[in-house]
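Chains, contacts and geometry: an overview
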Amino acid sequence: MTRLSAITPSGHAHLGNYLGAIRRWAREGAPGDLYFVSDLHAMTVSYNPARLRKLARETLAVLVAAGIDPARVCVQSDLVRELGALSWVLECTCSFGEASRMTQFKQKADGQGTVRLGLLTYPVLMAADILLQNATEVPVGQDQTQHVELARSLARRFNSTFGEVFTVPRAVMAPTAARVMDLSDPTRKMSKSTQDSAGVVFLLDEPDLVRRKITRAVTDNEARLEYRPSSQPGLANVLEILAACTGRSPVEVADDHSSYGELKNAAADAVIEELRPLRTRVLELLDDPTTLDGIRAAGAERARERGAHTLASALRMAGVG
Ligand code: AQP
């Protein structure tokens, strides 16, 4: 079984990415799992090239520092030639209607003056990521299942039209882990690309800044320390963060504290301690280009080898290789 997961370096990785995905990947990863830093996907909206390059490297360092097997990580753009070739084959297998029906495309394109064509075609690039690696499973949240469905349809269509080449992948629901909300606006999830960073704890934030962000988290005036996500979402978010860092339930955590101030300080302590070794290791890796570049090059080589036969077969069957 090969399972492919990815993180887009659209900004600095944050506590939500860590508690919701990266930590679980590191703890529960199986030998067949692959983790991509999907920097090509970050190009579908306006971006700064130098920043993207830096963020891709930093995100790779985060995955390795978190304890993910370095043999399982890869930066997507290191395979840009292979993926570019396979994407074209798949774009020519995909109808315009299919691509434009993607809900995420409609949401992201809505209200934008200029919509990049890549925003429309990126689910096909995602299909290329999956199919090139012969992934059998793609763990995704609800918002990405449609993209995996597209990858399945394209794989099946290609196989039945030109001959069996692709493994047909299936979407598996990523296990429900913590969904961390923005500390300034607990109605929206913590996101890399949020403009106002006051509510986002980045993994490389200095401990003092982490404390400031958490102790200033928007809660409410009810002064009731109870876990009630629908009526007290800000408080529930802080409780969930503390619970995720201490391995207890949000209800237990609420019972342990008597004031908002005390709770927020306890949450800040727990997050700072949870992130401390990770942050140290990321900074060490970023300072050690030989190690990080070596991991990156080896990951690219392995991913290239893994996909070589599939790509060659797909091109040949399509009449171009
Ligand atoms: N707030 C969150 N809480 C829990 N999990 C989260 N993830 C993202 N935000 C939270 C999980 O992190 C993994 C990698 O995320 P991604 O790069 O695929 O994209 P995303 O979900 O779009 O992440 P962001 O941080 O919100 O970035 P932008 O601002 O660019 O959209 C995924 O497993 C995701 O579920």
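Residues numbered from 1 in each chain as written. Predicted model: local features only at pLDDT ≥ 70, side-chain atom pairs only at ≥ 80, totals over all residues. Heavy atoms only, no water.

The criterion, for reference: UniProt positions are given in the numbering used here, feature names are shortened, and annotations may be inferred rather than shown by experiment.
Naming follows an unreviewed UniProt entry, where the chain appears as Tryptophan--tRNA ligase of Actinokineospora auranticolor. Listed in UniProt under the heading Sequence similarities (unreviewed entry), the comment for the chain reads: "Belongs to the class-I aminoacyl-tRNA synthetase family."

**Concerning the overall build of the chain**
This is how the line gets drawn: We count a stretch as a helix when DSSP gives it H or I for four or more residues in a row; a strand needs E for two or more, and each element gets its number in order from the N terminus. Atoms considered for the radius of gyration are the C-alpha atoms alone. The globule rule reads 2.2 Å times the number of residues to the power 0.38. Each residue is placed in one exposure class: buried if its accessible area under a 1.4 Å probe, protein chains only, is under 20% of its type's maximum, exposed if it is over 50%, and partly exposed if it falls in between. Whether two residues touch is decided by their heavy atoms; if any such pair falls within 4.5 Å, the residues are in contact. For the area figures, the Shrake-Rupley method with a 1.4 Å probe applies, and any residue is considered shielded solely by the protein chains shown. By the counting rule applied here, Lys and Arg register as positive and Asp and Glu as negative, while His and the ends of each chain are not counted. By convention, the point assigned to a charge is CZ for Arg, NZ for Lys, CD for Glu and CG for Asp.
Helix and strand counts for the chain stand at 12 helices and five strands. Taking 321 residues into account, the globule formula puts the C-alpha radius of gyration at 20 Å, and the chain, at 21 Å, falls close to it. With respect to the principal axes defined by its C-alpha atoms, the chain has extents near 70 × 45 × 35 Å. Looking at the chain as a whole, 49% of its 321 residues qualify as buried. The contacts in the chain between residues at least 6 apart in sequence include a share of 74% that link residues at least 24 apart. Carbon and sulfur atoms provide 51% of the accessible area of the chain, an area that totals close to 15000 Å². Within the chain, one finds 38 positive and 38 negative side-chain charges whose respective centroids are separated by 4 Å.

**Some points on the site of the ligand**
In plain terms, the rule: Any residue with a non-hydrogen atom lying within 4 Å of a molecule or strand is treated as near it. Between N or O atoms, a polar contact is any pair within 3.5 Å; within protein, one atom must be a potential hydrogen donor and the other a potential acceptor, and residues adjacent in sequence are included only when both atoms are from side chains. Polarity classes work like this: nonpolar for Ala, Val, Leu, Ile, Met, Phe, Trp, Tyr, Cys and Pro, charged for Asp, Glu, Lys and Arg, and polar for all others, with Gly in that last group.
By nearness alone, 17 residues border the ligand, and Ser 10, His 14, Val 180, Lys 192 and Ser 193 come closest of all. The separation between a nitrogen atom of the ligand and a polar main-chain atom of Val 180 is 2.7 Å. Side-chain polar atom of Lys 192 to an oxygen atom of the ligand: 2.5 Å apart, as the coordinates give it. Contact with the protein chains covers 75% of the free accessible surface of the ligand, which is 640 Å². With four residues, helix α1 (residues 15-28) is the largest single contributor of residues to the shell around the ligand. By residue class, the composition of the shell around the ligand is six nonpolar, eight polar and three charged.

**Quick look at helix α11 (residues 260-286)**
Counted only if it meets this: Expected helix span is computed as 1.5 Å times (number of residues minus one). The seven residues ending at a residue and the seven starting there each receive a fitted axis; the angle between those axes is the bend at that residue.
Helix length check: α11 (27 residues) gives 37 Å between terminal C-alpha atoms against 39 Å at 1.5 Å per residue, within 8%. In α11, a bend of some 40° at Arg 276 exceeds every other bend along the element, and Pro 277, a proline, comes one to four places later.

**Considerations on the environment of Ala 66**
Its location among the elements puts Ala 66 in the loop between α2 (49-65) and β3 (73-75). For Ala 66, a relative accessible area of 19% corresponds to the buried category. Taking the C-alpha atoms as reference points, Ala 66 and Gly 247, 181 residues apart in sequence, are found 17 Å from one another. Excluding residues that lie within four positions of it along the chain, Ala 66 makes contacts with Tyr 18, Ile 22, Ala 26 and Leu 278.

**Remarks on unusual backbone geometry**
Even without a glycine there, the phi angle at Asn 134 is positive, about 55°. Relative to the helices and strands, Asn 134 resides in the loop between α6 (117-132) and β4 (137-140).

**Regarding the nonpolar core**
As a reminder, the rule being used: Here, nonpolar core refers to any group of buried Ala, Val, Leu, Ile, Met, Phe, Trp, Tyr and Cys residues whose side-chain atoms link them within 4.5 Å.
Counting residues in hydrophobic clusters, the biggest one holds 56 residues, and the most contacted among them are Ile 22, Leu 63 and Val 271. The element best represented in this core is α11, accounting for 12 residues. Aside from chain neighbours lying at most four places away, what touches Ile 22 is Ile 7, Asn 17, Val 62, Leu 63, Ala 66 and Ile 68. If you look at the next biggest cluster of nonpolar residues, it comprises 39 residues, including Leu 86, Leu 120, Leu 131 and Ala 303.

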